[in-house]
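# Reading the structure
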Amino acid sequence: MEAMYTTGLNIHYFGVIVLMGVVVFNIVMLSLSHHIIRYAKRMRIVMPISGSLIALILFTGAVMMAAKHLAFTFSNIAMIIIAIVMIILEAKRYKTLKRRTDITQEGAFVEYKKKAFRFLGIEMVMLLGMSIWMMLI
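So, a few notes on the structure that sits alongside this text. Everything numeric here is computed off the predicted structure, so don't read it as measured data.

## Description of the packing of aromatic side chains
Enumeration over the complete set of coordinates arrives at four aromatic pairs. Plain terms: the ring middles of Phe-74 and Trp-133 are 5.6 Å apart, the flat faces sit at 70° to each other, and that makes the pair edge-to-face. Here Phe-74, found in helix α3 (residues 74-99), pairs with Trp-133, found in helix α4 (residues 108-136); they are 59 residues apart in sequence, far enough to count as distant. Geometrically, the ring pair formed by Phe-109 and Tyr-112 is stacked, given 6.3 Å between the ring centres and 15° between the ring planes. In this pair, Phe-109 and Tyr-112 both sit in helix α4, three residues apart, roughly one turn of the helix. Assigned by exposure class, Phe-109 and Tyr-112 land together as buried.

Now the structure itself:
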């Protein structure tokens, strides 16, 4: 039982680290993009990866909570809230991209970039903050 819990915890940590890498990749991809159509095509490839990683983290977290007999600690509740906020931010970022794909509108991509950088920055700060907090506990 202990070996399974340790494996689940390692998978959980790995998922968080890879998700941080995907967020950094999204930030770099957004900063290097100059054409909205090309960026939208790349986003349609990367977006399911982020969603799958968030689902992996939620699933492994739920399995580990079940192994702990559903002990709701403050850190577990914080992780659940952060996951929900990340899902909402990813949905808002994608929804904003769908609205801004009209290339006839001047400055639409610049406006999208501002919002997307803000969403990605919030995601990265939440991930880093929670990771550092869990390392200290």
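## Digging into the environment of Lys-115
Checked against the element boundaries, Lys-115 lands in helix α4. The spatial distance from the C-alpha of Lys-115 to the C-alpha of Thr-96 is 8.2 Å, given a sequence separation of 19 residues.

## As for the layout of surface pockets
The volume enclosed by the largest pocket comes to roughly 770 Å³. What lines the largest pocket is a set of 30 residues, among which His-12, Val-16, Ile-57, Met-79 and Met-134 lie closest to the centre. If you list the elements that add at least two residues to the lining of the largest pocket, you get α1 (2-32), α2 (36-67), α3 and α4. Here the lining of the largest pocket takes eight residues from α1, the largest share from any one element. A class-by-class count of the residues in the lining of the largest pocket yields 23 nonpolar, six polar and one charged.

## Structural notes on a positive patch on the surface
Side chains of Arg-38, Lys-41, Arg-42, Arg-44, Lys-92, Lys-95, Lys-98, Arg-99 and Arg-118 sit close together on the surface and give a patch of like positive charge. Of all the secondary structure elements, the ones that give two or more residues to the positive patch are α2 and α3. As for its placement among the helices and strands, Lys-98 is situated in helix α3.

## A look at a nonpolar patch on the surface
A contiguous nonpolar surface patch, about 650 Å² in accessible area, is contributed by Leu-70, Phe-72, Ile-77, Ile-80, Ile-81, Ile-84 and Ile-88. For Leu-70, the position within the fold is in the loop between α2 and α3.

## Examining the pattern of salt bridges
As a working rule, side chains carrying opposite charge can pair if their charged atoms are close by. Overall, the coordinates contain one salt bridge when judged by the stated rule. Arg-93 is paired through a salt bridge with Glu-90; the nearest N and O atoms lie 2.9 Å apart. Residue Arg-93 and its partner Glu-90 are located together in helix α3, separated by three residues, close to a single helical turn.

## Considerations on the packing of α1 against α2
Where α1 contacts α2, the two axes come as close as 9 Å, and the packing angle between them is 160°. It follows from the interaxial angle that α1 and α2 lie roughly antiparallel. Judged by the twist between their axes, the crossing of α1 over α2 is left-handed. When the residues that make up the contact of α1 with α2 are grouped by side-chain class, the tally is 20 nonpolar, seven polar and one charged.

## Section: the environment of Ile-54
Assignment of secondary structure puts Ile-54 in helix α2. Of the residues examined, Ile-54 reaches a relative accessible area of 7% and is grouped as buried. What Ile-54 contacts, discounting residues up to four positions off in sequence, is Leu-19, Ala-83, Met-86, Ile-87 and Glu-90.

Cut-offs used in this document
Residues numbered from 1 in each chain as written. Predicted model: local features only at pLDDT ≥ 70, side-chain atom pairs only at ≥ 80, totals over all residues. Heavy atoms only, no water. Phe/Tyr/Trp six-rings, centres within 6.5 Å; stacked < 30°, edge-to-face > 60°. Helix = DSSP H or I, 4+ residues; strand = E, 2+ residues; numbered from the N terminus. Buried < 20%, exposed > 50% of the residue type's maximum accessible area, 1.4 Å probe, protein only. 1 Å grid on protein atoms, 1.4 Å probe; cavity = no way out; pocket = protein on both sides within 12 Å on 5 of 7 lines; lining within 4 Å. Points joined across faces, edges and corners; volume = space filled by probe spheres on them. Nonpolar A, V, L, I, M, F, W, Y, C, P; charged D, E, K, R; others polar. Patch = residues over 30% accessible without salt bridge, like charges linked within 9 Å, V, L, I, M, F, W, Y side chains within 5 Å. Areas by Shrake-Rupley, 256 points an atom, 1.4 Å probe, with all protein chains shown as cover. Salt bridge = Lys/Arg side-chain N within 4 Å of Asp/Glu carboxyl O. Lys, Arg positive; Asp, Glu negative; His and termini not counted. Charge placed at Lys NZ, Arg CZ, Asp CG, Glu CD. Axes fitted to C-alpha atoms, helices over the stretch in contact; angles between N-to-C directions. Parallel < 35°, antiparallel > 145°, perpendicular 65-115°, else oblique. Left-handed = near helix turned anticlockwise from the far one by under 90°. Contact = heavy atoms within 4.5 Å.

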